[in-house]
Amino acid sequence: MSGNGVVLGLVGSPNREGRTNRLVRAALEGAAMAGAATELLQMSERVVAACKDCLPWVCAEKRKCTYDDQAFELLSEKVLNAGALILGTPVYWWDTSAMVKYFILKMFRVHARSAPLQGLPAFGISIAGGTGNGLVSGLRPVYHFFQIMQMRALDPVPATRFNFAGAENRAREMGGIVAAMRHKRHPFTGLEERLLWYDQLPYLGLSRAEERRLLASLAALALPEDRSGKLVSGLARADTLRAGGDKMASMVEITKCYDAGAKALAG
Ligand SMILES: Cc1cc2nc3c(=O)[nH]c(=O)nc-3n(C[C@H](O)[C@H](O)[C@H](O)COP(=O)(O)O)c2cc1C
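First things first, this report covers the structure right here in the doc. The structure displayed is predicted, hence computed values, not measured ones.

Before going further, it helps to spend a moment on the overall build of the chain. Scanning the chain from N- to C-terminus turns up 10 helices and six strands. Relative to a compact globule of 267 residues, whose C-alpha radius of gyration would be 18 Å, the chain shows 20 Å and is just as compact. Expressed as a percentage of its 267 residues, the buried residues of the chain come to 51%. Entry remark: accessible area of the chain is about 12,600 Å², with carbon and sulfur atoms responsible for 55%. In the chain, 33 side chains carry a positive charge and 25 a negative one; their mean positions are 2 Å apart.

So this is what it looks like as structure tokens:
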């Protein structure tokens with residue numbers, strides 16, 4: 001058994017009824033269906049204080065923050081003892097929420113050196129619930145956390161309003177997959193395998209232009225077939241322009257498709 005075998009879901013949003021909570025809950029449902037014990041924690045009830053980067057750097061040896069931070073104690077203990085981790089963040093300003101970032105940064109300072117999470121199965125969920133911008137860039141800090149802590153991260157789930165139902169299903173499915181791995185750690189043979197592993201995960205390597213195209217395609221696909229055709233051909237035009245070297249015209253075309261899709265879905 002790895003840790004206590006529990007599949008732990010962290011909700012990095014202040015909203016108990018929000019989309020981040022729903023997606024993490026879906027993932028935990030999938031884990032429970034696979035037979036795992038699960039636990040959900042709303043991080044807003046335990047917001048970690050900013051790391052002071054203090055010197056001398058003794059917290060990495062003591063494996064404890066020098067300052068009294070009950071929220072960090074609780075959250076870090078839960079993660080250190082878990083059999084698998086699911087971390088969901090709302091996308092704020094194309095990035096993770098502050099409470100997720102503060103937790104990550106303190107985990108680096110206190111625990112990255114001793115690497116107690118080596119091989120822990122994990123996956124991340126982002127929800128860009130407004131415009132949809134940042135659905136991938138909001139995931140990157142989460143996967144950087146997994147990578148630095150040497151966890152065995154699985155495919156991310158980027159969600160927006162446009163693909164929410166599909167993302168919930170995907171989160172449920174991924175919850176089952178991560179649960180099946182909870183009994184043991186899955187460490188990397190070395191840094192090389194770890195870097196290559198993270199490089200092959202979907203979405204995370206997209207350029208900004210590709211991220212925007214992904215978003216426009218999600219908006220197009222959310223429309224009924226008789227209305228999505230124009231947008232799909234617009235995206236094909238954008239691809240042709242890009243292949244021909246006209247990146248700006250391609251981006252303009254993508255934006256047109258996105259705007260039309262978002263407008264149609266709002267109306
Ligand atoms: C400060 C702030 C910044 C936000 N920035 C973005 C953004 O960059 N992209 C986006 O799609 N939505 C953005 N949103 C919308 C949230 O992603 C959306 O409301 C999401 O559903 C929040 O998660 P929750 O439902 O768990 O509260 C932002 C919301 C707030 C409060």
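Turning our attention to the pairing of strand 2 (residues 38–42). Remark: a regular strand shows side chains that alternate across the two faces of the sheet. In this sheet, strand 2 lies alongside strand 1 (residues 7–11) in parallel orientation, the contact comprising five bridges. Within strand 2, the residue paired with valine 11 across the bridge is glutamine 42. In terms of handedness, the path from strand 1 via helix 1 (residues 19–33) over to strand 2 forms a crossover that is right-handed.

Grouped burial of nonpolar side chains is what soluble globular proteins tend to show. Ranked by internal contacts, the top residues of the largest apolar core, which has 61 residues, are Phe145 and Phe146. The element best represented in this core is helix 4 (residues 98–112), accounting for seven residues. Non-local contacts of phenylalanine 146, meaning those with residues more than four positions away in its chain, are made with Leu85, Leu87, Ala122, Phe123, Gly124, Met151, Ala153 and Tyr198. Ala128, Leu135, Ala219 and Leu223 belong to the second largest nonpolar core, which has 19 residues in total.

Let us look at the pattern of salt bridges. According to the stated counting rule, one finds 14 salt bridges in the structure shown. For glutamate 193, the salt bridge identified is with arginine 152, shortest N-O distance 3.3 Å. Of this pair, glutamate 193 sits in helix 7 (residues 191–199) while arginine 152 sits in strand 5 (residues 152–153); the two residues are 41 residues apart in sequence, bridging distant segments of the chain. Taking relative accessible area as the criterion, glutamate 193 reaches 27% and is therefore assigned partly exposed. Relative accessible area serves as the criterion here: at 9%, arginine 152 is assigned to the buried category. With its nearest N and O atoms 2.8 Å apart, the salt bridge here joins arginine 213 to aspartate 239. With a gap of 26 residues between them, arginine 213 in helix 8 (residues 208–222) and aspartate 239 in helix 9 (residues 225–243) connect regions that are remote in the sequence. Members of the salt-bridge network, linked through shared partners, are Arg16, Glu45 and Arg46.

Attention shifts here to the side chain of glutamine 147. By the secondary structure assignment, glutamine 147 is in helix 5 (residues 140–148). According to the relative accessible area criterion, glutamine 147 is buried, its value standing at 14%. Engagement of the side chain of glutamine 147 in a polar contact is seen with the side chain of arginine 194, the distance being 2.6 Å. Among all residues touching glutamine 147, those that are not within four sequence positions of it are Arg194, Leu195 and Tyr198.

In strand 6 (residues 157–160), alternate side chains face the same way, and those of Val157 and Ala159 on one face and Pro158 and Thr160 on the other are all buried. Sheet topology note: the strand 4 (residues 121–128)/strand 6 ladder contains four bridges and is parallel. Note on strand 6: the bridge partner recorded for isoleucine 125 is valine 157.

Interhelical geometry of helix 1 versus helix 6 (residues 164–180) gives an angle of 40 degrees and a closest axis separation of 6 Å. Relative to helix 6, helix 1 is oriented oblique. Our pair here, helix 1 against helix 6, has a crossing hand that is right-handed. Here Arg19, Arg22, Leu23, Ala26, Ala27, Glu29, Gly30 and Ala31 of helix 1 lie close against helix 6, whose contacting residues are Phe164, Ala167, Glu168, Ala171, Arg172, Gly175, Gly176 and Ala179. For the contact of helix 1 with helix 6, a count of residues per class yields eight nonpolar, three polar and five charged.

In the vicinity of the ligand, 17 residues are found, and the nearest of them are Arg19, Thr20, Val91, Gly132 and Asn133. Here an oxygen atom of the ligand and a backbone polar atom of valine 91 are 2.9 Å apart. Relative to its unbound accessible surface of 630 Å², the ligand loses 74% to contact with the protein. For the shell around the ligand, the secondary structure elements donating two or more residues are helix 1 and strand 4. For the shell around the ligand, the residue count by class is seven nonpolar, nine polar and one charged.

In this structure, alanine 71 sits in helix 3 (residues 70–81). Taking the relative accessible area as the measure of exposure, alanine 71 reaches 12% and is therefore buried. With 32 residues separating them along the chain, alanine 71 and phenylalanine 103 place their C-alpha atoms 9.1 Å apart. Excluding residues that lie within four positions of it along the chain, alanine 71 makes contacts with Arg46, Val47 and Val48.

Reading the values: rules and limits
Residues numbered from 1 in each chain as written. Predicted model: local features only at pLDDT ≥ 70, side-chain atom pairs only at ≥ 80, totals over all residues. Heavy atoms only, no water. Helix = DSSP H or I, 4+ residues; strand = E, 2+ residues; numbered from the N terminus. Rg over C-alpha atoms; globule rule 2.2 N^0.38 Å. Buried < 20%, exposed > 50% of the residue type's maximum accessible area, 1.4 Å probe, protein only. Areas by Shrake-Rupley, 256 points an atom, 1.4 Å probe, with all protein chains shown as cover. Lys, Arg positive; Asp, Glu negative; His and termini not counted. Charge placed at Lys NZ, Arg CZ, Asp CG, Glu CD. Pairing = 2+ DSSP bridges. Right-handed = clockwise from strand over helix to strand, strands pointing away. Core = buried A, V, L, I, M, F, W, Y, C linked by side-chain atoms within 4.5 Å. Contact = heavy atoms within 4.5 Å. Salt bridge = Lys/Arg side-chain N within 4 Å of Asp/Glu carboxyl O. Polar contact = N/O pair within 3.5 Å; in protein donor to acceptor, adjacent residues only side chain to side chain. Axes fitted to C-alpha atoms, helices over the stretch in contact; angles between N-to-C directions. Parallel < 35°, antiparallel > 145°, perpendicular 65-115°, else oblique. Left-handed = near helix turned anticlockwise from the far one by under 90°. Nonpolar A, V, L, I, M, F, W, Y, C, P; charged D, E, K, R; others polar. Near = heavy atom within 4 Å.

Shape is all these values report; function is a separate question.
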